[in-house]
Amino acid sequence: MIDLKLLQKDFENVSKKLQRKGVSAELIAELKAKNEALKEAKQAYETLQAAQNAMSKEFGVYKREGKDISELKARVDENKVKVAQAIEVQRQAQEALEELAMAIPNMPDDSVPDGEDEDDNVELKKVLIPREFDFTPKEHWELAEQNGWIDFERGVKLATSRFSVGFGMGARLERALINFMLDFNRERDFAEVSVPQLVNADALKGTGQLPKFEDDLYKTQDGLYLIPTAEVPVTNLYQDEILKAEDLPQKMTAYTSCFRKEAGAAGRDTRGMIRQHQFHKVELVAITHPDESEKIFDEMVACASDMLTALELPHRLVNLCTGDLGFGAAYTTDIEVWLPGQNTYREISSISNTREFQARRAKIRFKNGKKNEFVHTLNGSSLAVGRTMVAIMENFQNEDGTIDIPKVLHPYLGI
RNA sequence: GGACAGUUGGCCGAGUGGUCGAAGGCGCUCGCCUGGAACGCGAGUAUGGGGCAACCCAUCGAGGGUUCGAAUCCCUCAUUGUCCA
């Protein structure tokens, strides 16, 4: 959630920044008006309630002294009606404000380039030079089927489209990658955590998936949701807590399955395992002191990029433009891996600094001296496991369709 | 699934209708004491919101109700423990 105090104090600036993110000026003005309306309603209620409380105290005195209370009770009863009305006004103002505020995205950092969509993202750097093929490289689904690694049809049989089944090396490689990634991250001081893969609505509100993106989530009959990313349970570990300054930063890594309806992606990446309803991902999450978040962001980007380098996978870093930036992010670096079969770079990791945006929603604070302040939260994939498999298949393929395994994974596969 | 018992501040723990945002203890902070420390003594020590401030509002697992007034009574839910199936 954006800082409503800042909105009041520096309306022009906040408005300008949010408009870069596509929020209309009218909506921002409305947010300010609703915030002011709530403040007014609160003050009205509190004044009446203070009177009510004072009279109630008097009541005790009257009773003790055996005085006649009928006149006092009449006054109190009269005020009570007003209090009830004021509460209702405040409740409505609160609801109206929250509904609006929760649907407003984070302000993009000044460093975020303007742009419509992914075509306007700015390349920061390339790492490793893609290999030259002396044959036409195949796409991963062909290789996956040829090697018997992935069975797409049986995935559909068991569930529906966008599900797949791993067999043999297809299954083993997945597990090897997960272990490799977790070990790699742990060596860089990201502590491993194992978290629930179903969460409640509060957790999803905390990280920003709810209320706006409910359509993309699988929901159970008990009101729990399957997580779309480990970012949700890991970040919310500290929901509604006040951390000690010396406990920061909290750097964590977690492996989970991720579940997404991909509601807005009809027709995109329908073949292969680029865009599945269920996929595996190793995630990095950091909870930091505000002064430290940019430094740790760089660490996270380096961690994911170095992991790809260790896997010998060519990739590039791009700075997301305003149009491609996620709801909660102040700025994001995507890492795109080279896919020779598709002859293009595709996203394999996305690292974001949300600054206070999630911390304010999830009420994650720390003691800064005497004062409680919001932490900064960051998250990033390192890496999406399925897409890493895709990248390995396409980059390590031989002319006969066999696939080599990156050296760094050999110990994990007993080769 | 059923029965019973819990859920109070950083922690432990008292509190069954008003002076309770909450005794007492531990911990922590500051001061005194000391060559320095321990001990001892004194003061302070929840969170959010509003106000320059005095101060005001809210919060005792969550939500609702009774009442002029609820940590305390009633209802629902969550959760923990123990026992039963």
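Residues numbered from 1 in each chain as written. Chains lettered and ligands numbered in written order. Predicted model: local features only at pLDDT ≥ 70, side-chain atom pairs only at ≥ 80, totals over all residues. Heavy atoms only, no water.

1. What to know about the domain arrangement of chain A
Each domain of chain A was delimited in the assignment, giving domain 1 (4–101) and domain 2 (118–413). Relative to domain 2, the C-alpha centre of domain 1 lies at a distance of 43 Å. (Domains from an automatic or database assignment.)

2. Quick word on the side chain of Asn319
Mapped onto the elements of the fold, Asn319 is located in strand β10 (residues 315–319). On the basis of relative accessibility, which here comes to 13%, the residue Asn319 falls in the buried class. In terms of polar contacts, Asn319 uses its side chain to reach the backbone carbonyl oxygen of Ser111, at 3.3 Å. Once residues lying within four places of it in the same chain are set aside, the contact partners of Asn319 are Ser111, Pro113, Asn121, Val122, Leu124 and Thr332. (Helix = DSSP H or I, 4+ residues; strand = E, 2+ residues; numbered from the N terminus. Buried < 20%, exposed > 50% of the residue type's maximum accessible area, 1.4 Å probe, protein only. Polar contact = N/O pair within 3.5 Å; in protein donor to acceptor, adjacent residues only side chain to side chain. Contact = heavy atoms within 4.5 Å.)

3. So, the pairing of strand β11 (residues 331–339)
The side chains of a regular strand alternate between the sheet's two faces. Across the 9 residues of β11, 9 count as buried, placing the element largely inside the fold. Neither face of β11 is exposed, since Tyr331, Thr333, Ile335, Val337 and Leu339 on one face and Thr332, Asp334, Glu336 and Trp338 on the opposite face are all buried. Here β10 runs beside β11; their pairing, made up of 5 bridges, is antiparallel. Paired with Leu317 across the strands is Ile335, a residue of β11. Across 9 bridges, β11 lies against strand β12 (residues 344–355) in antiparallel orientation. Pairing of Thr332 across the sheet is with Ser352, part of β12. Count of turn residues in the β11/β12 antiparallel hairpin: 4 residues, of which Asn343 carries a positive phi of about 55°. (Pairing = 2+ DSSP bridges.)

4. A closer look at the sheet that holds strand β13 (residues 364–368)
If you walk across this open sheet you meet the 3 strands as β7-β13-β14, and the pairing is mixed. Looking at strand neighbours, the two that pair on one side only are β7 (241–244) and β14 (371–374), the edges of this open sheet. Ignoring which end each strand starts from, the neighbouring axes of this sheet average 40° apart. (Axes fitted to C-alpha atoms, helices over the stretch in contact; angles between N-to-C directions.)

5. Overview of the protein's contact with RNA strand B
Around RNA strand B, 23 residues are found, and the nearest of them are Asn53, Ser56, Lys73, Lys367 and Asn372. Restricting attention to atoms of RNA strand B within 4 Å of the protein, one finds that 74% of them are sugar or phosphate atoms. Separating a sugar or linking oxygen of RNA strand B from a side-chain N or O atom of Gln43 is a distance of 3.4 Å. With respect to RNA strand B, the side chain of Glu46 contributes an N or O atom lying 3.4 Å from a base nitrogen. Of all the elements in the fold, those that place two or more residues in the surface near RNA strand B are α3 (25–65), α4 (70–101) and β13. (Near = heavy atom within 4 Å.)

6. Digging into the nonpolar core
Generally speaking, soluble globular proteins have nonpolar side chains that are buried together. By size, the foremost hydrophobic cluster in this structure holds 56 residues, and its most contacted members are Leu177, Met393 and Leu409. Residues in contact with Leu409, not counting those within four places in the same chain, are Leu173, Ala176, Leu177, Phe180, Leu311 and Ile392. Grouped together as the second largest cluster of nonpolar side chains are 20 residues, Met1, Val14, Leu31 and Phe357 included. (Core = buried A, V, L, I, M, F, W, Y, C linked by side-chain atoms within 4.5 Å.)

7. A look at the sheet that holds strand β15 (residues 376–384)
As summarised here, the arrangement of the 8 strands in space is β1-β10-β11-β12-β15-β9-β8-β4, forming an open sheet in which the pairing is mixed. One side of each edge strand has no neighbouring strand; the edge strands of this open sheet are β1 (122–127) and β4 (191–193). If you compare each strand with its neighbour and ignore which way they point, the axes differ by 25° on average. By the bridge criterion, 10 bridges tie strand β8 (residues 250–259) to strand β9 (residues 278–288) in an arrangement that is antiparallel. Directly across from Gln250, in β9, lies its bridge partner Ile287. Lying over the sheet, helix α7 (residues 169–187) contacts β4, β8, β9 and β15, oriented at roughly 5° with respect to β9. This element, helix α10 (residues 293–310), spans β1, β8, β9, β10, β11, β12 and β15 of the sheet and lies at about 5° to β15.

8. Digging into the packing of aromatic side chains
All told, the structure shown has 7 aromatic pairs when counted by the stated rule. Their ring planes at 80° and their centres at 5.3 Å tell us that Phe213 and Phe327 sit as a pair that is edge-to-face. A residue pair is termed long-range when its members are at least 10 positions apart, and Phe213 in the loop between α8 (201–207) and β6 (225–226) and Phe327 in the loop between β10 and β11 qualify at 114 residues. Residue Phe213 is classed as partly exposed on the basis of its relative accessible area, which comes to 36%. Relative to Tyr345, the ring of Trp338 has its centre 5.0 Å away and its plane inclined at 65°; by these criteria the two rings are edge-to-face. For the pair shown, Trp338 and Tyr345 are each scored as buried. An aromatic cluster is built from Phe180, Phe184 and Tyr412, whose rings are joined through pairwise contacts. In this structure, Lys32 packs its charged tip against the face of Phe11, placed 5.3 Å from the ring centre. Here Lys251 stacks its cationic end above the ring of Phe190, 4.9 Å away from the centre of that ring. (Phe/Tyr/Trp six-rings, centres within 6.5 Å; stacked < 30°, edge-to-face > 60°. Lys NZ or Arg CZ within 6 Å of the ring centre and 35° of its normal.)

9. Comments concerning a negative patch on the surface
On the surface, a cluster of negative charge is made up of Glu116, Asp117, Asp119 and Asp120. Residue position: Asp120 is located in the loop between α4 and β1. With relative accessibility at 32%, the residue Asp120 sits in the partly exposed group. (Patch = residues over 30% accessible without salt bridge, like charges linked within 9 Å, V, L, I, M, F, W, Y side chains within 5 Å. Areas by Shrake-Rupley, 256 points an atom, 1.4 Å probe, with all protein chains shown as cover. Salt bridge = Lys/Arg side-chain N within 4 Å of Asp/Glu carboxyl O. Lys, Arg positive; Asp, Glu negative; His and termini not counted. Charge placed at Lys NZ, Arg CZ, Asp CG, Glu CD.)

10. Let's talk about the pattern of salt bridges
When their charged atoms lie close together, side chains carrying opposite charge are able to pair. Taken as a whole and assessed by the stated rule, the structure comprises 27 salt bridges. Across the pair Arg365 and Asp240 runs a salt bridge whose closest N-O atoms are separated by 3.6 Å. Taken together, the residues span a long stretch of sequence, with Arg365 in strand β13 and Asp240 in the loop between α9 (231–235) and β7 at a distance of 125 residues. Here the salt bridges do not stand alone but share partners, grouping Glu123, Lys126, Arg316 and Glu336 into one network.

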